[in-house]
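Each chain, letter by letter, is given below.
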Amino acid sequence: MTKLLATLIAAALSTNVLAQEYPVREIRSICNFAPGSGADILVRFYSDKLSKLAGKPVIVENKPGANGSIATADLARAKPDGHSLMITPASSTIAAAPYLFKNLQFDSTKDFQAVTTIATLSFVLMVDASKPIKSVPELIAHLKTRPNHGFYGTSNNTGVIAAELFKQAAGLQTTYAPYKQNTQALTDLLQGTVDFLSYDATWAAGQVKGGRVRVLAATANKRSVAFPDIPTLGELGLGKNDVTAWWGVVVPANTPRPVVEKLAGWFNQITNEEDTKQFLARAAFDPFPGSPDQMSALIKSDAARWKSYVELAKIEPQ
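These numbers come from a predicted model, not from an experiment.

Peer 1: Give me the lowdown on the pairing of strand 4 (residues 112-128), citing residues and values where you can.
Peer 2: A large share of strand 4 lies buried, amounting to 16 of its 17 residues. Where strand 4 and strand 9 (residues 244-252) come together, 9 bridges link them in antiparallel fashion. Opposite Gln113, over in strand 9, you have Val251 as the bridge partner. Taken together, the 3 bridges between strand 4 and strand 10 (residues 285-287) define a ladder with antiparallel strand orientation. Bridged to Thr120 within strand 10 is Asp286. Taken together, the 4 bridges between strand 4 and strand 7 (residues 196-200) define a ladder with antiparallel strand orientation. Each residue of the ladder has a partner; that of Val124, found in strand 7, is Tyr199. Sheet topology note: the strand 4/strand 8 (residues 213-218) ladder contains 5 bridges and is antiparallel. Within strand 8, the residue paired with Leu125 across the bridge is Ala217.

Peer 1: Help me get a handle on the environment of Pro64, residues and values and all.
Peer 2: Looking at where Pro64 falls in the secondary structure, it is placed in the loop between strand 2 (58-62) and helix 3 (69-76). Once residues lying within four places of it in the same chain are set aside, the contact partners of Pro64 are Cys31, Asn32, Phe33, Ala34, Ile70 and Lys180.

Peer 1: Any chance you could break down helix 11 (residues 292-312) for me, citing the residues and the numbers?
Peer 2: With 21 residues, helix 11 extends 30 Å from end C-alpha to end C-alpha; this agrees with the ideal 30 Å at 1.5 Å per step. Where helix 11 is concerned, the buried positions are Pro292, Met295, Ile299, Asp302, Ala303, Trp306, Tyr309 and Val310. Just downstream of helix 11, Lys314 is the residue with a positive phi angle, here 55°.

Calculation criteria
- Residues numbered from 1 in each chain as written.
- Predicted model: local features only at pLDDT ≥ 70, side-chain atom pairs only at ≥ 80, totals over all residues.
- Heavy atoms only, no water.
- Buried < 20%, exposed > 50% of the residue type's maximum accessible area, 1.4 Å probe, protein only.
- Helix = DSSP H or I, 4+ residues; strand = E, 2+ residues; numbered from the N terminus.
- Pairing = 2+ DSSP bridges.
- Contact = heavy atoms within 4.5 Å.
- Expected span 1.5 Å × (residues − 1).

The values reported here are purely geometric and, on their own, carry no functional implication.
Here it is, written out as structure tokens:
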């Protein structure tokens, strides 16, 4: 018994020392999506601020593809010491992933440790601004003139679910065109290859400023802070689903708890800073600070919610 107690005490002391010394080298911040995307903007903002608090460089690595699953699988294989993390729309890349893919390279319930939530974000449906489509009813009418109701594009799980639920409510058979990068999806929209896009309000806001797209509706249960004059699909009588992405920070499973709590403290400090709140508002996000336990519980409850959305939208796992 004495030997066991000594072992436990030594292990506890070792963990505490690790947390005090952490980080001992640069931190790898993995991004699920391409440079220049709305996701990338948020990841780089938080990564830059984290580097100042941690006293070590935080290097962003973009690993786009497979609706965020390539980057998520990479994190699952990383060493659980806090030097690899992912700032991600966890509602889709982790909670919803098991219901969208048949052969994931990670276990969403076992391979990750939640750190904290940071923000929520609405998604929107958008069309080419040069086209005469100025409302969702006009989009539906246009799609019904297209063979098999045309095509829509997105590069993330939330975008797929939002569009599929819209399709079902509108009685459409529009085909999903998957993209690795937002820029290619935009190019195809402007060339007429796809008829509409389903993306986050952050990226959409930038394209609206450039005069390239027109936003028709928000997919959350409330209007986007970036587009207060744009109605929700619910307001238009097209379902009551709340397709809202929420962002959080995750690390590999078995990362020491003191390291997780240290990271949670830093990220919540960042989220609560005034310039962060202003940045989030400009980028169409709402602040959403939390804790490791709160985020873990949210992943579990959201898994059930997204499962119901996938079933309601009749999405076949890829």
